[in-house]
Amino acid sequence: MNVLVKFRQALALAAAVVATACAFAAQAQPRDSWPSKPIRFVVPFAAGGSIDVVARLMGRHLEGRLGQNVVVENRPGAGGIVGADLVARAAADGHTFLFTAQGPLVLNPFLMKRLPYNAETAFAPVTIVAEAPNVLVTNQAFPVSSFSDLLAFAKSNPDKMTFGTQGVGTTGHVTGELINQLTGLGLTHVAYQGFPPALTDVLAGRVGMMIGDTINLVPRIRSGQLRPIAIASARRSTVLPQVPTFAEAGHPEIVSGPWFAVLAPAGTGIEIRRKLSDEMRQILNQGEVQEKLKELGVESRGMTPEEFDAYLKAEYKRWGGVIRKAGITLDK
């Protein structure tokens, strides 16, 4: 009887050891076996733009590190909604990711009454890759050279306080509304269909100012066509280090501009997201990558999934408040 009891105990112990080993193997599987096939970066904007270039740059570097191809797939349409919805519906297996600017995540939910996905719950954060701060600029004939000059000028010239942007609901537009709400400056928005016509009118003096990102404005600032008044970054930009921030003028809340980030479908495991975030942040620390990004007019960023999750929630709340207060809408 004792022999039989001991045999059964030995079997139970062996089973427990096997079960524990299987549990550890299951926990390790996402990190050890991922990726098991090519990775897809869905860019919800047209090919050839800055975000597309950054996605392809990161993809090339990731291929060597992960041992799988990284395919960049452009799915433009409806301000990024088409591509974002595609990823929201994709399998949460760690092989499809959204490589996007913030529009589909923190602007469109407040600019439009209906989206095909829930921006707060449809995606799992991975990391922010880069950012392109917005800059308030004038032409060389406009009689201000600093933000304090502009505040003083506005008191006696309210009819000249117009600013052009690439369109309604763009980061330039909501940045202008944020400036109005924080300073009472009274800027009047003039929306254009893209950057070129807005640039033409600010250079001709038909609008007083422009708010745009460093991607578009850096070449015109460096050539002397445009005069930068202030940049909406938390610290001096490495792309335009000579331009003072709004914080230096007493308005640290004015931080804005396009940022490029990677998200997965909701339900994608945290180990996979941490692994991809770690790899991308290591790539962003490489000097050659930072220089390439700087050439494009953007700065490398990098966050853990947890940091990006907190940042995304704060951005959603912040821009939702600005858009609602300003009454901006894309619904006709």
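Report on the accompanying structure. Everything numeric here is computed off the predicted structure, so don't read it as measured data.

Points about the overall build of the protein
Now for step 1: Along the backbone of the protein there are 11 helices and 11 strands.
Now for step 2: A buried classification covers 50% of the 332 residues belonging to the protein.
Now for step 3: Within the protein, counting contacts between residues at least 6 apart in sequence, those at least 24 apart form 77% of the total.
Now for step 4: For the protein, the computed accessible surface area is about 15100 Å², with 54% contributed by carbon and sulfur atoms.
Now for step 5: Taken together, the 33 basic and 27 acidic charged side chains of the protein have centroids lying 3 Å from each other.

Here we look at the sheet that holds strand β4 (residues 123-131)
Now for step 1: Ordered by their spatial adjacency, six strands build an open sheet running β2-β1-β3-β10-β4-β11, and the pairing between neighbours is mixed. For this open sheet the edge positions go to β2 (70-74) and β11 (299-300), each flanked by a neighbour on one side alone.
Now for step 2: Sheet topology places strand β1 (residues 39-43) next to strand β3 (residues 96-100); three bridges connect them, and they run parallel. Residue pairing in the sheet places valine 42 in a bridge with leucine 98 of β3.
Now for step 3: Relative to the sheet, helix α11 (residues 305-326) contacts β4 and β10 (259-265), its axis offset from that of β4 by approximately 85°.

With respect to the sheet that holds strand β7 (residues 188-191)
Now for step 1: If you walk across this open sheet you meet the five strands as β7-β6-β8-β5-β9, and the pairing is mixed. Each having just a single partner strand, β7 and β9 (226-231) make up the two edges of the open sheet. When the angles between neighbouring strand axes are averaged without regard to direction, this sheet yields 35°.
Now for step 2: Across five bridges, strand β5 (residues 134-139) lies against strand β8 (residues 209-213) in antiparallel orientation. Looking at the pairing, valine 135 lines up with glycine 212 of β8.
Now for step 3: Sheet strands touched by helix α7 (residues 195-204): β5, β6 (162-165), β8 and β9. Its angle to β8, the strand with the most contacts, is close to 145°.
Now for step 4: With respect to the sheet, helix α8 (residues 214-222) is in contact with β5, β8 and β9, its orientation differing from that of β8 by roughly 120°.

Overview of the environment of histidine 251
Now for step 1: Looking at the secondary structure, you find histidine 251 in the loop between β9 and β10.
Now for step 2: When the C-alpha atoms of histidine 251 and isoleucine 179 are compared, they prove to be 8.9 Å apart, with 72 residues separating the residues in sequence.
Now for step 3: Excluding residues within four positions of it along the chain, histidine 251 makes contact with Phe147, Leu182, Thr183 and Phe246.

Topic: the pairing of β1
Residues in a regular strand point their side chains to alternate faces of the sheet.
Now for step 1: Burial analysis of β1 places four of its five residues in the buried class, the great majority of the element.
Now for step 2: Pairing of β1 with β2, which is carried by five bridges, proceeds in the parallel orientation. Within β2, the position partnered with valine 42 by the bridge is glutamate 73.

Remarks on unusual backbone geometry
Now for step 1: Going from tryptophan 34 to proline 35, the amide bond is cis rather than trans, its omega being -5°.
Now for step 2: Here proline 35 is to be found in the loop between α1 (2-33) and β1.
Now for step 3: With a phi angle near 55°, alanine 78 is a residue other than glycine that sits in the positive phi range.
Now for step 4: Residue classification places alanine 78 among the partly exposed residues on the basis of a relative accessible area of 47%.

Quick word on the packing of helix α2 (residues 50-66) against helix α9 (residues 270-284)
Now for step 1: The geometry of α2 relative to α9 is characterised by a closest axis approach of 10 Å and an angle of 115° between their N-to-C directions. In the packing of α2 onto α9, the handedness of the crossing is right-handed. In this structure, α2 contributes Met58, His61, Leu62, Arg65 and Leu66 to the contact, and α9 contributes Lys275, Leu276, Glu279, Met280, Gln282, Ile283 and Leu284.
Now for step 2: Across the contact of α2 with α9, the residue classes tally to seven nonpolar, two polar and three charged.

Some words on the nonpolar core
Now for step 1: In this structure, Phe41, Phe97 and Phe99 are the most contacted members of the largest nonpolar core, which totals 34 residues.
Now for step 2: The dominant element in this core, judged by the number of residues it contributes, is α2, at seven residues.
Now for step 3: Val42, Tyr117, Trp259 and Ile328 belong to the second largest nonpolar core, which has 29 residues in total.

What about the side chain of threonine 96?
Now for step 1: Mapped onto the elements of the fold, threonine 96 is located in strand β3.
Now for step 2: Threonine 96 sits in the buried class, given a relative accessible area of 9%.
Now for step 3: There is a polar contact of 3.5 Å between the side chain of threonine 96 and the side chain of arginine 40.
Now for step 4: Dropping the residues within four chain positions of it, threonine 96 is found in contact with Arg40, Val42, Val87, Ala90, Ala264 and Pro265.

What to know about α2
Now for step 1: Between its first and last C-alpha atoms α2 spans 24 Å; for 17 residues at 1.5 Å apiece the expected length is 24 Å, and the two agree.
Now for step 2: Every buried residue of α2 is accounted for by Ser50, Ile51, Asp52, Val54, Ala55, Leu57, Met58, Gly59, Leu62 and Leu66.
Now for step 3: In the stretch just after α2, glycine 67 is the one whose phi turns positive, near 75°.

Looking at the packing of aromatic side chains
Now for step 1: Tallied over the full model, the rule gives eight aromatic pairs.
Now for step 2: Judged by centre distance (6.3 Å) and plane angle (80°), the rings of phenylalanine 41 and phenylalanine 97 are edge-to-face. Highlighted residues: phenylalanine 41 in strand β1 and phenylalanine 97 in strand β3, separated in sequence by 56 residues.
Now for step 3: For phenylalanine 97, a relative accessible area of 0% gives the class buried.
Now for step 4: For the ring pair tryptophan 259 and tyrosine 311, a centre distance of 6.0 Å and an interplane angle of 65° mean the geometry is edge-to-face. Residue tryptophan 259 is located in strand β10, and its partner tyrosine 311 is located in helix α11; the two are separated by 52 residues in the primary sequence.
Now for step 5: Here a set of aromatic residues connected by ring pairs shows up, and it is made of Phe41, Phe97 and Phe99.
Now for step 6: The side chain of arginine 301 reaches across the aromatic face of tyrosine 311, ending 5.1 Å from its centre.

Thresholds, definitions, all that
Residues numbered from 1 in each chain as written. Predicted model: local features only at pLDDT ≥ 70, side-chain atom pairs only at ≥ 80, totals over all residues. Heavy atoms only, no water. Helix = DSSP H or I, 4+ residues; strand = E, 2+ residues; numbered from the N terminus. Buried < 20%, exposed > 50% of the residue type's maximum accessible area, 1.4 Å probe, protein only. Contact = heavy atoms within 4.5 Å. Areas by Shrake-Rupley, 256 points an atom, 1.4 Å probe, with all protein chains shown as cover. Lys, Arg positive; Asp, Glu negative; His and termini not counted. Charge placed at Lys NZ, Arg CZ, Asp CG, Glu CD. Pairing = 2+ DSSP bridges. Axes fitted to C-alpha atoms, helices over the stretch in contact; angles between N-to-C directions. Left-handed = near helix turned anticlockwise from the far one by under 90°. Nonpolar A, V, L, I, M, F, W, Y, C, P; charged D, E, K, R; others polar. Core = buried A, V, L, I, M, F, W, Y, C linked by side-chain atoms within 4.5 Å. Polar contact = N/O pair within 3.5 Å; in protein donor to acceptor, adjacent residues only side chain to side chain. Expected span 1.5 Å × (residues − 1). Phe/Tyr/Trp six-rings, centres within 6.5 Å; stacked < 30°, edge-to-face > 60°. Lys NZ or Arg CZ within 6 Å of the ring centre and 35° of its normal.

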